[in-house]
Amino acid sequence: MEKIKKVLLVHGYNGIPEIFRAFKRELEALGCEVAMPEFPVREEISVKGYFDIFDQYPEFFGDDCTVIAHSVGNGMLLKYLAATGKGLNRYISLAGFAVPFVVEGKDVLNEKVALINLSADELEHAKTAIKESFCIFSNDDHIVPYKTLQEYPKKIGGNGILIENIGHMGHKAGLTELPGVVELASGTIEFEFSCGCIILDENNNVLMEREISRRGDRFWAFPKGHMEAGETEEQTAIRETKEEVGLDVEIIDKESIDNNYFLHDGKVLKQVIQFIARPVGGTELKLQAEEVEQARFMSLDEARELADFEYTKITIDEVKERMGL
C-alpha cells in the first residue's frame, strides 16, 4: 500500500471530535503532514461554507493525500471533489451517508442532513477520482440509519468496514482511539485476503462451519481461505470449500459479497470475498479437522442467529435479498 504524505481531517455537524485529535497526533508521529480545519457547525453549516474552507487547502487534494471525513463532512467532501474535478489517493469515511434521513426532534440536524443528497454524477466522480475508499460504520449509530450506512460504500465503490459498538464516532461516542484508521490513512496497514463460498442446498439451507482460528477461538463462518498463485477469486473459493468441508460446488452468482474487518489492533485489514454457490454431486461433508470443528446445513434464519459476528449477519441478509428468500 502506498505511503501517504498529507492527511486532511474533515469533521461533521458538531465540530472536531476527540478521535480526530488522536488521529492527528498519531499521523504526525508517523511523519505525515496533517490539517484539521474548523468547518461551520450546526446552524452555520452550508455547502458554500465547507467549500470555502476546502479552497484554503489545495495541497491536500491529489495523489499523495488522504482525507478522513466524519458524518456530514463526507457528503460535503464528495460534493467538493465533483464540483472542482479534484481527486484523492485515499478516502476514509466515518459514518458516511449519501442520502438524507430524518432524526426525530432534531430539526436543525435534519435541515443540514438534507444538504447531503448526492447526485448520480457526484457519486460517479467519487468512484473514478478516488483511488481507494474505505467506509467505516457501526451497528449502533444513533444518528444515521444502519441500512443507509451499509449502502454508502456500495454507492461510491468503496470498501465497507463494520466495527461493532462504536456509535456515530462523534462527541457522544467518546472515542479516544479507533484502531486501523491511522494505519489505513498513512499506508502502513497490511492486508490479508481470503475467498470462499456461501453454499445453499436445494432447499436453500446454508452450510455453516464451526471454524477454529489460529489462536484456538471457535466461531460460525463460511468456508474460505487464502488465494494461491495463479488462481482467480472463484477458483480459490471453490478449492477452499473442497479442502475445508469436502464439497464440490458451482458458483451461481458471479457478483461477490465482500466483508472487510480489522485484525491485530488495526494493523491488518482482512478482506473476504464470498460467492453464493450450490453443491455439485451431493452434500456429504468431509471436514478438515485442524480448521473445522463441525459443519452442517441450516436455515438462513438459524444461521443468522448462530452467527458470532455482525458482518456474518449482514452477509446472510444479502443472500436472502439476492435469492428472494
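Residues numbered from 1 in each chain as written. Predicted model: local features only at pLDDT ≥ 70, side-chain atom pairs only at ≥ 80, totals over all residues. Heavy atoms only, no water.

A. Expanded view of the pairing of strand S9 (residues 218-221). Pairing analysis gives 4 bridges linking strand S8 (residues 206-212) to S9, with the strands arranged antiparallel. Counted as the bridge partner of Glu211 is Phe219 from S9. Once S8 ends, the chain turns through 5 residues before running back antiparallel as S9, passing Gly216 with a positive phi of about 90 degrees. (Pairing = 2+ DSSP bridges. Helix = DSSP H or I, 4+ residues; strand = E, 2+ residues; numbered from the N terminus.)

B. Representation of the packing of helix H2 (residues 47-54) against helix H3 (residues 72-84) within the structure. Put simply, H2 and H3 touch, their axes get as near as 10 Å, and they point 70 degrees apart. By the angle between their directions, the pair H2 and H3 is classed as roughly perpendicular. The crossing of H2 and H3 is right-handed. For the pair H2 and H3, the contacting residues are Val47, Tyr50, Phe51 and Phe54 in the first and Gly73, Met76, Leu77, Lys79, Tyr80 and Ala83 in the second. The residue inventory of the contact of H2 with H3, partitioned by class, reads 8 nonpolar, 1 polar and 1 charged. (Axes fitted to C-alpha atoms, helices over the stretch in contact; angles between N-to-C directions. Parallel < 35°, antiparallel > 145°, perpendicular 65-115°, else oblique. Left-handed = near helix turned anticlockwise from the far one by under 90°. Contact = heavy atoms within 4.5 Å. Nonpolar A, V, L, I, M, F, W, Y, C, P; charged D, E, K, R; others polar.)

C. Seen up close, the sheet that holds strand S14 (residues 292-298). Strand order across the open sheet formed by 3 strands is S9-S8-S14, with antiparallel pairing between neighbours. With partners counted over all chains shown, the strands left at the sheet margins are S9 and S14, one partner each. For this sheet, the mean inter-axis angle between neighbouring strands, taken without regard to orientation, is 20 degrees.

D. Spotlight on the sheet that holds strand S6 (residues 159-162). The strand order across the open sheet built from 6 strands is S2-S1-S3-S4-S5-S6, with neighbouring strands paired in parallel fashion. Looking at the sheet topology across the chains shown, the edges are occupied by strand S2 (33-35) and S6. Going across the sheet, the axis of each strand differs from the next one's by a mean of 15 degrees, ignoring polarity. Across the sheet, helix H5 (residues 120-129) is in contact with strand S4 (88-94) and strand S5 (130-137); its angle to S5 comes to roughly 115 degrees.

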